[in-house]
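# Inside the fold
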Amino acid sequence: MRVHAYAAPAVGEPLAPTTIERRDVGRGDVLIEIKYAGICHSDIHTVSGDWGTQPYPLVPGHEIVGIVTEVGAAVTRHRVGDRVGVGCMVNSCGRCVNCRNGDEQYCREGMVPTYAGVDRDGTVTQGGYSTHVVVDADFVLSVPEGIDFAAAAPLLCAGITTYSPLRHWGAGPGKKVAVVGLGGLGHMAVKIAHAMGAEVTVLSQSLKKQEDGLRLGADHYHATGDPDTFERLAGRFDLIVNTVSARIDVDAYLGLLAVDGTLVNVGAPAEPLSVNVFSLLSGRRSYAGSMIGGIAETQEMLNFCAEHHIGADIELISANQINEAYERVLASDVRYRFVIDTATLG
């Protein structure tokens, strides 16, 4: 079926209206009428070619919520009319040890990304800046009624990207958690860590978002632009979640960790980061990375957010504002996630 979409025609070119072909609904597929699609910094990195050559024209978008309009004959988990979501992946091998353990995001054969990937049928995947998408039912999530639908879209990437490391490294009562950066990812990390019961500190370049950070659930807020910050907070945190997609002084942040503390990178800068091994040795500290979560964990995250009434803070935009939104994301001029009303794509 032909559907309306917004695509990047080539590297460095602005996104423009287009139509794309979606595959027919197979026995195990779900057809989703997309209602809202979040704009992730990864979308911008990808269409800009920061992460290598891409299969243009390219439709980005992996923060997708919508309504099921058709299901394949073998689908039992989802029904027509259900509120559903699709995140950063739409398939995996299903056979490797990681897939069998529920870590499809780390599929040994490579998970299939929602856009700019090659699906198991050989087609290039196209993302959520479109009116409809067909997805393998095993990669479709249920969106609980307790979350505002538009505010739920960013949970499919920003939400699970921060929930997964917070859960894995045991954020909760008695733990001191720092969040580096208060952007699309960071504001979700603050909300989720607070709901988990951790003591939450925001580490941002300046104090200009301090009021927001405290409103979102942070207990403390410090400016990393102040060199005294790293001295005053030395050895304080059990877990630091770095959400920024830019170069940081890794060694300086490792110095903020308590013994056995962990610094986890979830932001994905285009350039390499370096670390001095002595920053790890002097405190049995760990430097780690984390992507998204598996399907089961993503559903767990959605249920957790519904239970705690957590959604993203969003600015709803029409399709013709996408390119402007990209510029504003790069300028850190969004509080805190742009979400496209896909009804404006037609």
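What you see as residue numbers is a count from 1 along each chain, following the sequence as written. Per-residue local features of the predicted model are confined to residues with pLDDT of at least 70, and side-chain atom pairs are confined, for both listing and counting, to 80 or more; whole-chain, interface and lining totals are unaffected and use all residues. Remark: hydrogens and water are excluded; side-chain values derive from all non-hydrogen atoms of the structure.

With respect to the helices, strands and loops of the structure, Asp212 is situated in helix H6 (residues 210–216). The buried label goes to any residue with under 20% of its type's maximum accessible area, the exposed label to any with over 50%, and the partly exposed label to all in between, with areas taken from a 1.4 Å probe on protein chains only. On the basis of relative accessibility, which here comes to 14%, the residue Asp212 falls in the buried class. Between two residues, a contact is recorded if the distance between any of their heavy atoms is within 4.5 Å. Residues contacting Asp212, with those up to four places away along its chain left out, are Leu182, Arg335 and Tyr336. The helix and strand labels rest on DSSP assignments: H or I over at least four residues marks a helix, E over at least two residues marks a strand, and numbering proceeds from the N terminus.

Attention now moves to unusual backbone geometry. Each neighbour pair has its own omega, and for Tyr56 with Pro57 the value is -5°, a cis peptide bond. Tracing the sequence through the fold places Pro57 in the loop between helix H1 (41–47) and strand E4 (64–71). Following Arg335, the chain continues into Tyr336 via a peptide bond in cis, with omega recorded as 0°. The phi torsion at Ala116 lies on the positive side, around 65°, for a residue other than glycine. Take Ala116: it is sitting in the loop between strand E7 (112–113) and strand E8 (132–136). Taking the relative accessible area as the measure of exposure, Ala116 reaches 22% and is therefore partly exposed. Of note in this structure, Asp260 is not a glycine but carries a positive phi near 70°. In this structure, Asp260 sits in strand E14 (residues 257–265).

This next bit is on the packing of helix H4 (residues 158–168) against helix H5 (residues 184–196). Each axis is a line fitted through C-alpha atoms, and for a helix only the stretch in contact is used; angles between axes span 0 to 180 degrees, taken between their N-to-C directions. In contact at an axis separation of 8 Å, H4 and H5 are set at 45° when each is read in the N-to-C sense. For the element pair H4 / H5, the angle class is oblique. Here H4 and H5 pass one another in a crossing that is right-handed. Here Ala158, Gly159, Thr161, Thr162, Tyr163, Leu166 and Arg167 of H4 lie close against H5, whose contacting residues are Gly184, Leu185, Met188, Ala189, Ile192, Ala193 and Met196. In this classification, Asp, Glu, Lys and Arg are treated as charged, Ala, Val, Leu, Ile, Met, Phe, Trp, Tyr, Cys and Pro as nonpolar, and every other residue, Gly included, as polar. Taken together, the residues of the contact of H4 with H5 break down into nine nonpolar, four polar and one charged. Each angle receives one of four descriptions, namely roughly parallel if under 35 degrees, roughly antiparallel if over 145, roughly perpendicular if within 65 to 115, and oblique otherwise. Put simply, a crossing is left-handed when the front helix is turned counterclockwise from the back one by less than a right angle, and right-handed when it is turned clockwise.

A word on the side chain of His222. Residue position: His222 is located in strand E12 (residues 220–223). His222 sits in the buried class, given a relative accessible area of 16%.

Let us now look at the pattern of salt bridges. A side-chain nitrogen of Lys or Arg and a carboxyl oxygen of Asp or Glu constitute a salt bridge if their distance falls within 4 Å. This model, assessed by the stated rule, comprises 18 salt bridges. We note a salt bridge from Arg2 to Glu21, for which the minimum N-O separation is 3.6 Å. With Arg2 in strand E1 (residues 2–7) and Glu21 in strand E2 (residues 16–21), this pair connects stretches of sequence that are 19 residues apart. One salt bridge in this structure joins Arg23 and Asp119, with 3.2 Å as the shortest N-O distance. Here Asp119 lies in the loop between E7 and E8 and Arg23 lies in the loop between E2 and strand E3 (29–38), a separation of 96 residues in the sequence. A relative accessible area of 27% means that Arg23 is categorised as partly exposed. Judged by relative accessible area, which is 8%, Asp119 ranks as buried.

Moving on, we come to the sheet that holds strand E11 (residues 199–204). Across the sheet, which stays open at both edges, the six strands sit in the order E12-E11-E10-E13-E14-E15 with parallel pairing between neighbours. Looking at which strands have only one partner, the edges of the open sheet turn out to be E12 and strand E15 (286–289). Taking each pair of neighbouring strands and ignoring which way they run, the sheet shows an average axis angle of 20°. Note on pairing: two strands pair once DSSP finds at least 2 bridges between them. In terms of strand pairing, strand E10 (residues 176–180) meets E11 through five bridges, oriented parallel. Bridge pairing links Val179 to Val202 in E11.

The next point concerns a nonpolar patch on the surface. A patch consists of residues exposed above 30% relative accessible area that lack any salt bridge, with like charges linked at up to 9 Å and nonpolar side chains (Val, Leu, Ile, Met, Phe, Trp, Tyr) linked at up to 5 Å. Values of accessible area rely on a 1.4 Å probe in the Shrake-Rupley scheme; residue burial ignores everything except the protein chains shown. Taken together, the side chains of Val277, Phe278 and Leu281 make up a nonpolar region of the molecular surface, amounting to roughly 340 Å² of accessible area. Secondary-structure assignment places Val277 in helix H9 (residues 277–281).

Without other data, these values stay purely geometric and don't point to any function.
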